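Letter by letter, the chains look like this.
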Amino acid sequence: MGTTDSPAAVRTAPPTGRPEGAAASGTPGQPVAHAFWRFLPAAAAYLVTVGLLLATDTSVSDVARYTFYVLWGVMLPGTLVFRSLRRRPHTLVEDLAFGAVTGLALELAAWAVLVGVGAQSFALAWPLAVVIPFALVPRLRRHWRPRGYRGVSLGWSWSVSGTVVLSSVYFHQVFLSLYPVLPDREGSRIFGDMPYMLSLAANAKQNVPLTFPQAAGEPLHYHWFTFAHMAMTDMVGHIDLAVIESRLLVPALSALAMVITAVVARRLTGHAWAGPLAALLVFAAGEFTAAYPNGGDTWTFGAPAVRVMSWSSLSLTYSQPLLLALMGVVGDALRRSHRDKAGVEGADPAPLFGRGVFVLAALFALASSAAKASTLPVILSGLALAGLVLLITARRIPWTVVGLGGILAGSQLFATAVIFNFESYGLQIVPFGNVQQFWKDPGDLRPPAFQALVVAATLIAFVLNHHIKLLGMVPLLWRRRLNLEPLQWFLLGAAVAGPAAFLVVNGYNSSYFTIAALPFGVVLSAWGFCETFQRAALPARGRAALAAGAVALSAVLTYVIYRMSQDWALWLRRSVGDEAGDKTYSPLVVALGAAAGLALIALVCGVLWRTGSRVWPALRGRGGIVLLTASLVAATPGLFHDMLQSRQSLWAYSWVMPASQVDAGRWIRAHSDPSDVLVTNSHCWPFEGGSAAAPACANTRSQWLSGYSERSVLVEGWAYAPRGVALTRGLPAYDGPFWDQEVFRLNEDAVYRPTAANLRRLHDEYQVRYVVAHRASGEESPLLAGLAKKVLDNGKVAVYELS
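What counts as what
Residues numbered from 1 in each chain as written. Predicted model: local features only at pLDDT ≥ 70, side-chain atom pairs only at ≥ 80, totals over all residues. Heavy atoms only, no water. Helix = DSSP H or I, 4+ residues; strand = E, 2+ residues; numbered from the N terminus. Rg over C-alpha atoms; globule rule 2.2 N^0.38 Å. Buried < 20%, exposed > 50% of the residue type's maximum accessible area, 1.4 Å probe, protein only. Contact = heavy atoms within 4.5 Å. Expected span 1.5 Å × (residues − 1). Axes fitted to C-alpha atoms, helices over the stretch in contact; angles between N-to-C directions. Parallel < 35°, antiparallel > 145°, perpendicular 65-115°, else oblique. Left-handed = near helix turned anticlockwise from the far one by under 90°. Phe/Tyr/Trp six-rings, centres within 6.5 Å; stacked < 30°, edge-to-face > 60°. Lys NZ or Arg CZ within 6 Å of the ring centre and 35° of its normal. Pairing = 2+ DSSP bridges. Salt bridge = Lys/Arg side-chain N within 4 Å of Asp/Glu carboxyl O. Patch = residues over 30% accessible without salt bridge, like charges linked within 9 Å, V, L, I, M, F, W, Y side chains within 5 Å. Areas by Shrake-Rupley, 256 points an atom, 1.4 Å probe, with all protein chains shown as cover.

Chemist: How should the overall build of the protein chain be read in this particular structure?
Modeler: Counting its regular elements, the protein chain contains 29 helices and 11 strands. Rg of the C-alpha trace for the protein chain: 28 Å, near the compact-globule value of 28 Å for 803 residues, within the 12% margin. Projecting the C-alpha coordinates of the protein chain onto the three principal axes gives extents of approximately 95 × 75 × 55 Å. Taken across its 803 residues, the protein chain has 56% of its residues classed as buried. Once local pairs closer than 6 in sequence are excluded, the contacts in the protein chain between residues at least 24 apart make up 78%.

Chemist: Where do I start with helix α3 (residues 92-116) in this structure?
Modeler: Every α-helical turn comprises 3.6 residues, leaving residues that sit three or four positions apart pointing alike. Between its terminal C-alpha atoms α3 stretches 35 Å, which fits the 36 Å expected from 25 residues at 1.5 Å a residue. Summarising burial for α3: 18 of the 25 residues are buried, a large majority. Gly118, located one to two residues past α3, shows a positive phi value of around 75 degrees.

Chemist: Just checking my understanding: could you explain unusual backbone geometry for this structure?
Modeler: The bulk of non-glycine residues show a negative phi, and the bulk of peptide bonds are trans. Omega for the peptide link from Val208 to Pro209 comes to -10 degrees, which places this bond in the cis form. Locating Pro209 in the fold gives a position in the loop between α7 (194-204) and β2 (211-212). The linkage connecting Tyr292 with the following residue, Pro293, adopts the cis geometry, with an omega of 0 degrees. Tracing the backbone through its elements, the reader meets Pro293 in the loop between α10 (274-284) and α11 (306-312). Phi at Glu710 is positive, roughly 60 degrees, even though this residue is not glycine. As for its placement among the helices and strands, Glu710 is situated in the loop between α25 (704-709) and β8 (712-713). The phi dihedral of Gln767 is positive, around 55 degrees, even though this residue is not glycine.

Chemist: Explain the packing of α3 against helix α12 (residues 314-334) to me, please; I cannot follow it from the model alone.
Modeler: In helix packing, the relevant descriptors are the interaxial angle and the interaxial distance, both defined with respect to the helix axes. At a minimum axis distance of 10 Å, the contact between α3 and α12 shows a crossing angle of 115 degrees. Taken as axis vectors, α3 and α12 run roughly perpendicular relative to one another. Remark: the crossing between α3 and α12 carries left-handed chirality. Contact with α3, carried on its side by Phe98, Val101, Leu104 and Leu108, involves Tyr318, Pro321, Leu322, Ala325, Gly328 and Val329 of α12 and no other residues of that element.

Chemist: How should helix α21 (residues 586-615) be read in this particular structure?
Modeler: If you check α21, its first and last C-alpha atoms are 45 Å apart, about what 30 residues at 1.5 Å a residue would give, namely 44 Å. Of all the residues in α21, the buried ones are Ser586, Leu588, Val589, Val590, Ala591, Gly593, Ala594, Ala595 and Ser613. Along its buried surface, α21 packs onto α16 (448-467) and α20 (540-575).

Chemist: What's the story with the packing of aromatic side chains in this structure? I'm lost.
Modeler: Aromatic rings in a pair are described by how distant their centres are and how their planes are angled relative to each other. On inspection of all chains with the given rule, the structure shows 31 aromatic pairs. Considering the side-chain rings of Phe529 and Phe533, the 6.3 Å spacing of their centres and the 20 degrees angle between planes classify their relative orientation as stacked. A residue pair is termed a helical-turn pair when its members lie 3 or 4 positions apart in one helix, as Phe529 and Phe533 do in helix α19 (residues 511-536) at 4 residues. Exposure remark for Phe529: the relative accessible area of 13% places this residue in the buried category. With centroids separated by 6.4 Å and ring planes inclined at 35 degrees, the aromatic side chains of Phe738 and Phe744 adopt a geometry described as tilted. For Phe744, a relative accessible area of 18% puts it in the buried group. Just above the ring of Phe353 sits the side chain of Arg267; from NZ or CZ to the centre is 3.9 Å. Above the ring of Tyr512, the side-chain terminus of Lys372 is found at 3.9 Å from the ring centroid.

Chemist: Help me understand the pairing of strand β7 (residues 677-680), please; the structure alone is not making it clear to me.
Modeler: Side-chain positions along a regular strand alternate between the two faces of the sheet. Residues of β7 alternate between two faces, with Val677 and Val679 on one and Leu678 and Thr680 on the opposite face, all of them buried. One ladder, built from 2 bridges, connects β7 with β8; its direction is parallel. Bridge assignment links Val677 to a residue of β8, and that residue is Ser712. Two strands pair when backbone bridges link them, and β7 and strand β9 (residues 768-774) are joined in this way by 4 bridges, in the parallel orientation. If you follow Thr680 over to β9, its bridge partner there is Val772.

Chemist: What should I look at first to understand the sheet that holds β7 in this one?
Modeler: Either a parallel or an antiparallel arrangement is found when strands of a sheet pair, and the pairing is made through backbone hydrogen bonds. Taken in spatial order, the 5 strands line up as β8-β7-β9-β11-β10 in an open sheet, and their pairing is mixed. Looking at strand neighbours, the two that pair on one side only are β8 and β10 (789-793), the edges of this open sheet. Sitting on the sheet, helix α27 (residues 741-752) is in contact with β7 and β9, with an inclination near 70 degrees to β7.

Chemist: In this structure, what is going on with the pattern of salt bridges? I would like to understand it.
Modeler: Side chains that carry opposite charge are capable of pairing whenever their charged atoms lie near each other. Scanning all chains against the criterion turns up 22 salt bridges. Through salt bridges with shared partners, a single ionic network connects Lys205, Asp234, Asp240, Arg666, Arg669 and Glu710.

Chemist: Got a minute to help me understand the pairing of strand β11 (residues 797-801) in this structure?
Modeler: Counting buried residues along β11, 4 of its 5 residues qualify, which places the element largely inside the surrounding structure. Both β9 and β11 contribute to a ladder of 5 bridges, which runs antiparallel. The residue of β11 that forms the bridge with Tyr770 is Glu801. With 4 bridges joining them, β10 and β11 adopt antiparallel strand pairing. Its bridge partner being in β11, Asp793 is matched across the sheet by Ala798. Connecting β10 to the next strand, β11, in antiparallel fashion are 3 residues, including Gly795 with a positive phi near 90 degrees.

Chemist: Help me out: how do you make sense of a nonpolar patch on the surface in this one?
Modeler: A cluster of nonpolar side chains, Leu388, Leu391, Ile392, Ile397, Trp399 and Val402, forms an exposed patch at the surface whose accessible area comes to about 620 Å². If you tally residues by element for the nonpolar patch, the top one is helix α14 (residues 375-394), at 3 residues. With respect to the helices and strands, the residue Ile397 is situated in the loop between α14 and α15 (399-419).

Quick look at the structure:
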């Protein structure tokens, strides 16, 4: 597979005299580093992450248990199975990264069997189903100690390790150090969705498929595989779900996402350094807003990208490694023979996976199908484009694409029919429905030319907002004149499909299509950057200067935006006659103005560079890599702004969670059976200064009881119920009335108008064991104490047991 048509890039490397598949160091002729130095980068990243966890009230015992769970319950079975499916080894880090993702997929099957037959107590032993055959069968036994690994350079290892450390530090600043494992004060604050996600993980310990914990027995047509993973973590590692959710899961899965990104980018592009670059772009390059602070008002085009949502959307956190691994195996199947790169300088050919790629694709596709609903449509679109190009150019049916397409389409059908029950969650086909608010002109007062300019500016702002990190693909596509290989068409098709879906499908949740597509574009971007870098042929001093300049530019942009963005925004709006900020396009002015300013600076620097190259020949042919580096760096300030902002104020979507409620929920957890159902009068979670008492509260997101008790509630908060969200036309929550008013009245009567008959009905017909009175929502009837046994009263919450 050719990587460039540059004359400098077609020089052949000297033969190594080493047979194909034999072990090698990162560079031919260099000695293999001692094992201590080879494993030190991974150990350093692990120890830094552990140190940050211990600094945020995570116990040594929990860290040790989680480490055991990862090694025994995920990596060991997954790595053995992956090794048996790939044809030849490439690198150890690739085996472990793909093995970990394979382990996540196998874990889902184990969870379904164990919970389905009620054998949760045997969860610790499930890896034996893999370990025993691989220990006894001779053909499988060799996968315990495979030979023929190619080494990776220490620089590569430290770069990937550095990305993992950066992500861990980031999550420590914006999440781990700010939110308690369990609220311990009446004024404690947590992210609003944490009790809900906790309740789903608890439900997954008992039900296949999951039900909706806030309305006992209600089906949950939702992408809930994340919570099955959390349930298995609890059952195998014996770790409290609250610790998993608020401490362990996010940094661990994000680290896996960084490593699998680096591995996949290296394999698909053939450039080793595309790996750490892609990982850095996926994580550190966020939205281009040129604004500080960043809050909900800066989310002009839906959910923010990976850097923010990795901790507040656990389904995205969990789905990312699966998506990246699926991209890797599908892309590998479309990749030409690695021998095509054997004579290309700077290329790092990896042996093809072989026929096992179809089994791996099936594993990852099925696991991805209900990990995040936006995943498979994006990757299917990319595969369809690659297949169409192959059909037109080769004039024959591309059976590899057909086979992969069948696997992906079957997985999508499974999720749509079985998991989602064909629910649309309010999403509708409305072309430009998510962006047309920025160019609306209700009175037709704008001249046609100006209106066309506003429409064009909106679309440009959308591209700038999420996609600066993809600029590296521009030189790649330009030099090839779109004469791309099937793999590149696949990546490009998926990269375009995500934002295209956001522009066609109306609704907040459609922004996840954009986020799902970004890794595909990032691999192309890293590919293009590596080729541009090679053509520049920078000497050692030039490479050092480029790296130092990138760091300096990121620091300058971060500081300038932090200190001056508000003054800059006011000046810009005055300049365009929008001082009040009441125009439909007002939210876009700052980003567009900043982009125009940076483009002007780039133009001036380009002219000076071209002039200087006539005097200093060393500058010739190297302006492109400087411009590309600066462009990619422009997307990095948001990451650091998040950390700065988190130290000044908690995220806008964090709300008060009193310790009294948590304590009551945890007491019930310790004094009840998983099958017990609860009744409560708590249905609302008040916003700042609001009241929890109905009907004053319209935020029906009370999920604390089901979350912290780990039990289903007859009627709690129903904002996220699938049948409710389907009525919201794409909004993230439903605040209408509960759908079964008869059950709702029975629930309320148990607290406010109890009788022996209705309490007996709740106990016998609905398996209710406890009535939980949340006094901020309303004082319970004094009659309740005479009809049920009061077992807990902390002044804020009272718990009554039915018998």
